Structures are given as C-alpha cells and as structure tokens.
Amino acid sequence: YYEREKLPVFAPPGVAFPIAWGINSVSSIAGGLHVLNLPEETKGRAEFLRWQAAAWLLFALFDPAYFGLRSPINAALVTFGYSAATVASLDVALRTMPDSRAALSLATTTAWLALANPVGVLQAVWNHDPFWDVGPWTYPPEVWLKRGGSEELGTIA
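Keep in mind that this is a model prediction, so the values were computed, not measured.

(A) Seen up close, the overall build of the chain. Scanning the chain for helices and strands turns up five helices and zero strands. When the elements of the chain are put in sequence order from the N terminus, they spell out α-α-α-α-α. Structurally, the chain occupies a C-alpha span of about 60 × 25 × 25 Å along its principal axes. Put simply, the chain has 157 residues, and 43% of those count as buried. Restricting the contact set of the chain to residue pairs at least 6 apart, pairs at least 24 apart contribute 68%. Here the chain has roughly 8,600 Å² of accessible surface; of this, 69% comes from carbon and sulfur atoms. Treating the 10 positive side-chain charges of the chain as one cloud and the 13 negative ones as another, the clouds have centres 5 Å apart.

(B) Representation of the confidence of the model for the chain within the structure. Chain-level pLDDT for the chain is 94 on average; 94% of the residues reach the 70-or-more range. Every residue in residues 151–157 is under pLDDT 50, and counting partners more than four places away or in other chains gives 15 contacts.

(C) Main features of the packing of aromatic side chains. The tally for this structure, following the rule as stated, stands at ten aromatic pairs. Taken together, a centroid distance of 4.9 Å and an interplanar angle of 80° make the contact between Phe131 and Trp132 edge-to-face. Under the relative-accessibility criterion, Phe131 is labelled partly exposed at 39%. A connected cluster of aromatic rings, assembled from ring pairs, spans Tyr1, Phe62, Tyr66 and Phe67.

(D) Expanded view of unusual backbone geometry. The linkage connecting Gly135 with the following residue, Pro136, adopts the cis geometry, with an omega of -5°. Relative to the assigned elements, Pro136 resides in the segment after helix 5 (107–126). At Arg70, a position not held by glycine, the phi torsion is positive, near 55°. If you trace the backbone, Arg70 turns up in the loop between helix 2 (45–68) and helix 3 (72–96). Non-glycine residue Asp133 carries a positive phi angle of around 55°. Looking at where Asp133 falls in the secondary structure, it is placed in the segment after helix 5.

(E) Molecular detail of helix 1 (residues 16–36). Here helix 1 spans 30 Å end to end across 21 residues, near enough to the 30 Å set by a 1.5 Å rise per residue. Listed as buried for helix 1 are Ala16, Ala20, Trp21, Asn24, Ser25, Ser27, Ser28, Gly31, Gly32, His34 and Val35. Contacts from the buried residues of helix 1 go to helix 2, helix 3, helix 4 (100–104) and helix 5.

About the cut-offs
- Counting restarts for each chain: residues are numbered from 1 in the order of the written sequence.
- Per-residue local features are limited, in this predicted model, to residues with pLDDT of at least 70; the limit for side-chain atom pairs, both in listing and counting, is 80 or more; totals at the level of whole chains, interfaces and linings are taken over all residues.
- Heavy atoms from the whole structure form the basis of all side-chain values; hydrogens and water molecules are not counted.
- Going along the chain from the N terminus, every DSSP run of H or I of four or more residues is numbered as a helix, and every run of E of two or more is numbered as a strand.
- For every residue, the accessible area obtained with a 1.4 Å probe (protein chains only) is divided by the maximum for its type, and the residue is called buried under 20%, exposed over 50%, and partly exposed between those limits.
- Any pair of residues with heavy atoms lying within 4.5 Å of one another is described as a contacting pair.
- Residue exposure ignores everything except the shown protein chains as possible cover, and the areas themselves are Shrake-Rupley values with a 1.4 Å probe.
- Under the counting rule used here, the positive set is Lys and Arg, the negative set is Asp and Glu, and His together with the chain ends is not counted.
- A charged residue contributes its charge at one atom only: NZ of Lys, CZ of Arg, CG of Asp or CD of Glu.
- For every residue, the predictor assigns a confidence score, pLDDT, that lies between 0 and 100.
- Classification of ring pairs rests on two measures: the distance between centres of Phe, Tyr or Trp rings, Trp counted by its six-membered ring, which must be within 6.5 Å, and the angle between planes, read as stacked under 30 degrees, edge-to-face over 60 and tilted in between.
- One less than the residue count of a helix, multiplied by 1.5 Å, gives the span that helix is expected to have.

Set out below in structure tokens:
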C-alpha cells in the first residue's frame with residue numbers, strides 16, 4: 001500500500017521499515033530496561049517510562065491506523081504523536097534525569113522520525129484518504145515525486 005502512494009523522493013523504500021524499526025525497537029527496549037533498573041526514586045524515571053509506554057502504544061496503533069484503515073492521515077497523526085512522545089522522553093532523559101544512556105537509546109528513533117514526519121505529511125496531502133474520504137489537497141511537483149508510486153497526477157477536484 002505504502003509504495004503505491006504518491007511519495008516524496010526522499011521517502012525510504014518499504015524494505016527499510018522493518019530494518020529501521022528493528023534497530024529502533026532494540027535500542028528503545030535497551031534504554032527502557034536501563035531506566036527501569038534505576039532506583040525507583042531516580043528523578044524522572046517514572047515520567048520517562050510513562051512517555052515510553054505512550055510511544056509503544058502509538059507504535060502498536062500505527063499498522064491498524066494506517067494499513068488497516070488505509071489512511072495516510074492516520075499514519076501522519078500517529079507518527080506525529082509518536083514523535084511527541086519520543087521528544088518528551090528525550091527531554092526527561094536529558095534535562096530531568098539527566099541520563100545520557102537513556103537519551104542515546106532514542107537516537108536512532110529520533111533520526112528516523114526526522115525523516116518519517118515530512119514523508120507522512122506529504123503523503124497525507126498528496127493522496128486520497130479512503131478512511132476519511134478526503135484529499136488529495138495538492139499534487140506534488142514532478143521533481144518531488146518518487147518514481148514507482150502512483151503516477152496519476154491531475155487536478156484537485
């Protein structure tokens with residue numbers, strides 16, 4: 001479904017997702033275990049774990065929200081929410097705790113989300129969303145369009 005959509009030229013190929021999320025998940029789990037094993041009275045520990053729980057919930061919701069409902073808008077919203085939970089976790093790790101190991105455990109996820117958010121927003125505005133029955137709101141300039149996706153460019157109805 002993803003690769004049939006109109007995507008920006010910088011969108012990663014579908015095969016990159018399980019690799020990236022395998023790395024991101026292992027790193028996040030390692031960071032979560034590190035924080036979980038800190039003394040309970042550690043400042044920021046509970047808050048970090050709450051934000052990470054929210055991130056994992058959003059991670060679990062992504063596939064049904066996007067692929068199950070065929071909704072690029074849902075994908076963009078869940079990605080944005082996941083990004084907010086990750087940034088909040090980083091803020092707690094760096095400023096409240098401070099714990100460089102906890103912060104570093106989110107480095108690959110943060111880098112991936114820096115790419116995923118603009119891809120998700122552009123995908124949401126460039127494609128029809130069958131779940132919400134809206135869009136596209138605009139069409140991509142040819143130079144921005146990744147080849148291999150939907151080649152149907154036209155006018156906004």
